[in-house]
Amino acid sequence: MSATKTEALIQPSITQQSLYDGIKAGYALAGFSSPFDEFTENGNNKSVVYKITLDGTKTYGSFYTKIRLTTSRGIGHQIFSNWNATTHVGTNGSTENTFASFYDTDPITVISLNGGTEFKLVILKAGSVFVPLGYMSPANKPTWWDMAIYPYGFIFGDYSMQYLRTSSLTPYNSSLHDLLLVGNQRIAGANSQTNRRDIVQGLAFLTQSNTGVSGKTSDDIVVCAAYGASVFDILQVNGTSEQYLILTNSNGGLGIRIN
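Procedures and definitions
Residues numbered from 1 in each chain as written. Predicted model: local features only at pLDDT ≥ 70, side-chain atom pairs only at ≥ 80, totals over all residues. Heavy atoms only, no water. Helix = DSSP H or I, 4+ residues; strand = E, 2+ residues; numbered from the N terminus. Rg over C-alpha atoms; globule rule 2.2 N^0.38 Å. Contact = heavy atoms within 4.5 Å. Areas by Shrake-Rupley, 256 points an atom, 1.4 Å probe, with all protein chains shown as cover. Core = buried A, V, L, I, M, F, W, Y, C linked by side-chain atoms within 4.5 Å. Buried < 20%, exposed > 50% of the residue type's maximum accessible area, 1.4 Å probe, protein only. Salt bridge = Lys/Arg side-chain N within 4 Å of Asp/Glu carboxyl O. Pairing = 2+ DSSP bridges. Axes fitted to C-alpha atoms, helices over the stretch in contact; angles between N-to-C directions.

1. Describing the overall build of the protein chain
Next, step 1: Each helix and strand in the protein chain was counted, giving 1 helix and 21 strands.
Next, step 2: The C-alpha atoms of the protein chain give a radius of gyration of 18 Å, which matches the 18 Å a tight globule of 259 residues would have.
Next, step 3: Taking the principal axes of the C-alpha coordinates as reference, the protein chain spans close to 60 × 50 × 30 Å.
Next, step 4: Partitioning the contacts of the protein chain with sequence separation of at least 6, the portion at a separation of at least 24 is 53%.
Next, step 5: Put simply, the protein chain shows about 11100 Å² of open surface, and 44% of that area lies on carbon and sulfur atoms.

Written as structure tokens, this is what we have:
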């Protein structure tokens, strides 16, 4: 199914608190449940944790993502297999992704995308600062991947959206996974025969341990010839009503179906 897209704006002057509130509002619009935990760490960093449940019957049918905000409006993002809301400590945490800080003077666009259980994304952009939050859990999970042993959730590793992280509880030697074709220079500009931007539907997740395919998305997630486009442009597929939101305007850009 196509994702539900909602857009909001965090107005300046941007503070740690207004950014925190804006992110939580974006998560609610993306379809997340209420925060699992909220706390202040190291005296001034505001943190919020979300629980994502895919299969409540499995030991690791849930996973947890943590967003940390600094007083200078920087954001950290991390994924865990478990979380203790009493001690505010997670288990099997990934490396924390850290992003450039937002300026206090620039309004921040917040795009919330609800793709059901496959993905819920909250994308923040102001000027050159681009922060992808939320999670993905590809619709086509390998049959051998047992959530009684390993959680099946991924977060984007950086602003390029070319690779993802799992928690450190993983069946592979690496918790990093590439998105096949995203960033590929062979899918850059418009097709010279049609003058339209081509897309490839359904993206494979490849483990950086070079030992296999860790999943494949539905056809609602695409790589597109996005060079020269703008972030959040709409790509219309010729002859259909299908529309894709461009998230990365690069060679092999990432797109999400919204209609």
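2. A word on the nonpolar core
Next, step 1: Counting 31 residues, the largest nonpolar core has Leu113, Leu121, Leu247 and Leu254 as the members making the most contacts within it.
Next, step 2: Elements with a contribution of two residues or more to this core: strand E9 (108–114), strand E10 (119–126), strand E11 (129–136), strand E18 (221–224) and strand E21 (253–257).
Next, step 3: Considering each element in turn, this core owes the most residues, 3 residues, to E10.
Next, step 4: Other than its neighbours up to four places away in sequence, leucine 113 contacts Thr4, Lys5, Ala30, Phe119, Lys120, Leu121, Leu245, Leu247, Ile256 and Ile258.
Next, step 5: Ranked by size, the runner-up nonpolar core spans 28 residues in total, among them Ile14, Tyr27, Tyr50 and Leu69.

3. Thoughts on the pattern of salt bridges
Next, step 1: Overall, the coordinates contain 6 salt bridges when judged by the stated rule.
Next, step 2: Note that glutamate 7 and lysine 5 form a salt bridge whose closest N and O atoms lie 3.6 Å from each other.
Next, step 3: As a salt-bridge pair, arginine 257 and aspartate 220 come within 3.9 Å of each other at their nearest N and O atoms. Here aspartate 220 lies in the loop between strand E17 (213–216) and E18 and arginine 257 lies in strand E21, a separation of 37 residues in the sequence.
Next, step 4: A residue is classified by how much of its surface remains accessible, and arginine 257, at 22% relative accessible area, is partly exposed.
Next, step 5: Residue aspartate 220 is classed as buried on the basis of its relative accessible area of 9%.

4. A few points about the sheet that holds E18
Next, step 1: Judged by pairing direction, the sheet is antiparallel, and its 5 strands sit side by side in the order E15-E18-E21-E20-E19 without closing on themselves. Both outer strands of the open sheet, strand E15 (199–201) and strand E19 (234–236), are each paired with one neighbouring strand and no more. Pairs of neighbouring strands in the sheet enclose a mean axial angle of 35°, with direction left out of account.
Next, step 2: By the bridge criterion, 3 bridges tie E15 to E18 in an arrangement that is antiparallel. Bridging from a neighbouring strand, valine 200 pairs with valine 223 of E18.

5. Description of the sheet that holds strand E8 (residues 97–99)
Next, step 1: If you trace the 5 strands from one edge of the open sheet to the other, you get E2-E3-E4-E5-E8, paired in antiparallel fashion. With partners counted over all chains shown, the strands left at the sheet margins are strand E2 (37–41) and E8, one partner each. Going from strand to strand, the sheet's axes swing by 20° on average, the running direction of each strand aside.
Next, step 2: Across 5 bridges, the pairing between E2 and strand E3 (residues 45–53) is antiparallel. Pairing of glutamate 41 across the sheet is with asparagine 45, part of E3.
Next, step 3: The sheet contacts of helix H1 (residues 16–29) involve E2, E3, strand E4 (62–69) and strand E5 (75–80), and relative to E3 the element is tilted by about 5°.

6. Some points on unusual backbone geometry
Next, step 1: The omega torsion across proline 12 and serine 13 is 10°, close enough to zero to call that bond cis.
Next, step 2: Turning to its location among the elements, serine 13 is positioned in the loop between strand E1 (4–10) and H1.
Next, step 3: Positioned with a positive phi, histidine 88 is a non-glycine residue whose angle comes to about 60°.
Next, step 4: Along the polypeptide, histidine 88 turns up in the loop between strand E6 (82–84) and strand E7 (89–91).
Next, step 5: Positive phi, close to 80°, is recorded for leucine 181, a residue that is not glycine.
Next, step 6: Examined against the element boundaries, leucine 181 turns out to sit in the loop between strand E14 (176–179) and E15.
Next, step 7: Judged by relative accessible area, leucine 181 falls into the partly exposed class, the value being 29%.

7. Brief notes about the environment of alanine 85
Next, step 1: Tracing the backbone shows alanine 85 in the loop between E6 and E7.
Next, step 2: Between the alpha carbons of alanine 85 and phenylalanine 36 there is a distance of 7.2 Å; along the sequence they are 49 residues apart.
Next, step 3: Other than its neighbours up to four places away in sequence, alanine 85 contacts Phe36 and Asp37.

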